[in-house]
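A structural walkthrough
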Amino acid sequence: MNWLTVDKVHKFEGQQVELRGWIANRRSSGKIRFLHLRDGHGIIQCVVTKDQTSAEVFDLSDRIPYESSVVIRGIAKKEPRSPIGYEISVTDMEMLFEAEEYPIAKKDHGVGFLMDHRHLWLRSSKQHALLKLRSQITRTARTFFDDLGFISIEAPVLTPTACEGTTSLFEVAYFDRSAYLTQSGQLYGEAAAMALGQIYVHGPTFRAEKSKTRRHLTEFWMIEPEMAFWEFDETIDLAEQLIGKIVEDSLEKSRDELKILERDTSFLEKIKPPFPRITYSEAVDLLKGKGVEFNWGDDFGADEESVLSESFDKPLFVTRYPADVKAFYMKRDPHDPRLALAVDLLAPEGYGEIIGGGQREDSLEQLEHRIEQHGLDREPLQWYLDLRRYGSVPHAGFGLGIERTVTWIAGIHHVRETIPFPRLMDRLYP
Ligand code: 4AD
Ligand code: MG
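Just so it is clear, the structure is predicted and the values come from calculations on it, not from any experiment. (Residues numbered from 1 in each chain as written. Chains lettered and ligands numbered in written order. Predicted model: local features only at pLDDT ≥ 70, side-chain atom pairs only at ≥ 80, totals over all residues. Heavy atoms only, no water.)

Within the chain, the regular secondary structure consists of 13 helices and 18 strands. Seen through its principal axes, the chain has C-alpha atoms that stretch 85 × 55 × 40 Å. Per-residue burial over the chain gives 50% buried out of 430 residues. Summarising the internal contacts of the chain: among those between residues at least 6 apart in sequence, 65% fall at separations of at least 24. Counting every atom, the chain has about 20800 Å² of accessible surface; 50% of that belongs to carbon and sulfur. Between the mean site of the 54 positive side-chain charges and the mean site of the 69 negative ones, the chain shows a separation of 6 Å. (Helix = DSSP H or I, 4+ residues; strand = E, 2+ residues; numbered from the N terminus. Buried < 20%, exposed > 50% of the residue type's maximum accessible area, 1.4 Å probe, protein only. Contact = heavy atoms within 4.5 Å. Areas by Shrake-Rupley, 256 points an atom, 1.4 Å probe, with all protein chains shown as cover. Lys, Arg positive; Asp, Glu negative; His and termini not counted. Charge placed at Lys NZ, Arg CZ, Asp CG, Glu CD.)

Taken as a whole, the second largest pocket holds about 1200 Å³ of empty space. Taken together, 49 residues line the second largest pocket, and the ones lying closest to its centre are Glu 164, Arg 207, Glu 209, Glu 353 and Arg 404. At the level of elements, β11 (219-228), α10 (302-310), β16 (342-347), β17 (352-359), β18 (395-401) and α13 (402-410) are the ones that each hand at least two residues to the lining of the second largest pocket. Tallying contributions element by element places β17 first for the lining of the second largest pocket, with 5 residues. Across the lining of the second largest pocket, the residue classes tally to 21 nonpolar, 14 polar and 14 charged. (1 Å grid on protein atoms, 1.4 Å probe; cavity = no way out; pocket = protein on both sides within 12 Å on 5 of 7 lines; lining within 4 Å. Points joined across faces, edges and corners; volume = space filled by probe spheres on them. Nonpolar A, V, L, I, M, F, W, Y, C, P; charged D, E, K, R; others polar.)

If you trace the backbone, Asp 313 turns up in the loop between α10 and β13 (316-319). Taking the relative accessible area as the measure of exposure, Asp 313 reaches 48% and is therefore partly exposed. Along the backbone, Asp 313 and Thr 167 are 146 residues apart, and their C-alpha atoms lie at a distance of 34 Å.

This next bit is on the site of ligand 1. The environment of ligand 1 is made up of 23 residues, and the closest members are Glu 164, Gln 186, Arg 207, Glu 224 and Glu 353. The backbone of Arg 215 places a nitrogen or oxygen atom 3.4 Å from a nitrogen atom of ligand 1. The protein chains hide 94% of the 630 Å² of surface that ligand 1 would expose on its own. Of all the secondary structure elements, the ones that give two or more residues to the shell around ligand 1 are β11, β17 and β18. Take the shell around ligand 1: its biggest share by element is 5 residues, from β17. Here the residues of the shell around ligand 1 sort into 7 nonpolar, 8 polar and 8 charged. (Near = heavy atom within 4 Å. Polar contact = N/O pair within 3.5 Å; in protein donor to acceptor, adjacent residues only side chain to side chain.)

Looking now at the packing of aromatic side chains. Taken as a whole, this structure holds 15 aromatic pairs when the rule is applied. Between Tyr 280 and Tyr 321 the ring centres are 5.5 Å apart and the planes differ by 45 degrees, which places this aromatic pair in the tilted class. Of this pair, Tyr 280 sits in helix α9 (residues 280-289) while Tyr 321 sits in the loop between β13 and β14 (332-333), placing them 41 residues apart in sequence. Seen from their ring centres, Phe 328 and Tyr 384 are 6.0 Å apart, and the 70 degrees between their planes marks the pair as edge-to-face. A residue pair is termed long-range when its members are at least 10 positions apart, and Phe 328 in the loop between β13 and β14 and Tyr 384 in helix α12 (residues 382-389) qualify at 56 residues. Per residue, the accessibility class of Phe 328 equals that of Tyr 384, and both read buried. Stacked on the ring of Phe 34, the Lys or Arg Arg 27 has its end atom at 4.3 Å from the ring centre. Above the face of the Tyr 384 ring, Arg 388 is positioned so that its terminal group lies 4.3 Å from the ring centre. (Phe/Tyr/Trp six-rings, centres within 6.5 Å; stacked < 30°, edge-to-face > 60°. Lys NZ or Arg CZ within 6 Å of the ring centre and 35° of its normal.)

Following this line, the structure appears as structure tokens:
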């Protein structure tokens, strides 16, 4: 690469540099033209004057359409008024491709319009910041497990059966039979943990959710650790350390992005382990104490989760849910068979669940019974039962939803802007 990116300009003060990018803005003031060059690494002001450039370049800088692609050459200069401290005094500019009239104007557009132009909307500062934050959070989570010696494994996307219940399965034609898009890599993660000890699956997951809420996508990404010989409480400790690290890294490494997103970071600065842990039954009492009508045994919906998570200024672990509201693979609480060793982590500020997990049923007999109880087909799960037939061990894990985590860290309202190309019940384009 024999040109510079905007983030490196400060190293070349006073020198001739070449930059490549797109025209993000253009204005003129008297005999000076100002172009904002965006190159994915930043935005820099480029100043065009008649005496520094040819008449053609000066003329082009007056009419070049927004989002045209260009090569700009000039001198890197210190400029205290610039947000990045530097600007370019242009000596030459080449237009690579002239852009047609750009559909996204500076004025406010509705979300529907912006989502229809998602492929272009990604170029705006806020969307750019969200994607960078997402990339940083993903990297932090993966590095966290890599550093602990966990092995990264891939689970299949096409699967023969449900993991999280049959109501939200996407069915696809698979030659002469049906397959389902995976709802979670967990079951395969369990098999891998029996081979490799401690592993994590990082991949896309799919749910045919008919709910149009600000927390639901039909395609989202999870990081799912699974640990042989680990039990319930130490699994919660692991989730706590992971979230602590994600917040710490975001405050440090994504400071600029959080600023662009206008995130009030004072909420995040308080997020240091340990986090409160309450049982489902205690959570029900808390809800009732706040005047929320709720029956023991029901699952928490978005409203209940919001009330619970707003009651604490740190993430909240809710443990030991009624087994009936959780998936078939959950191990029962040895002290109370009505309960499952399940844990959810609710993010603060009303953001709700970002992690779900727990200890897995390790008894073959119990698991066979659960599969029957949940009305699941046993045949496609024979391989999973083998994990209990051949050296079953206590084991546990959880899934962290990337998009919900980014939504909370960014402090934005809706999960749809935290994934490059969101898939929602009513959105399959672009
Ligand atoms: O609680 P869930 O359903 O748990 C599982 O799938 C387990 N098998 C994970 C495991 O133990 N390995 O989903 C885990 C997380 C949720 O806490 C949430 O963050 C996210 O995945 N999630 C969604 N994110 C966006 N849109 C949806 N429709 C989501 N459903 C779950
Ligand atoms: Mg859950």
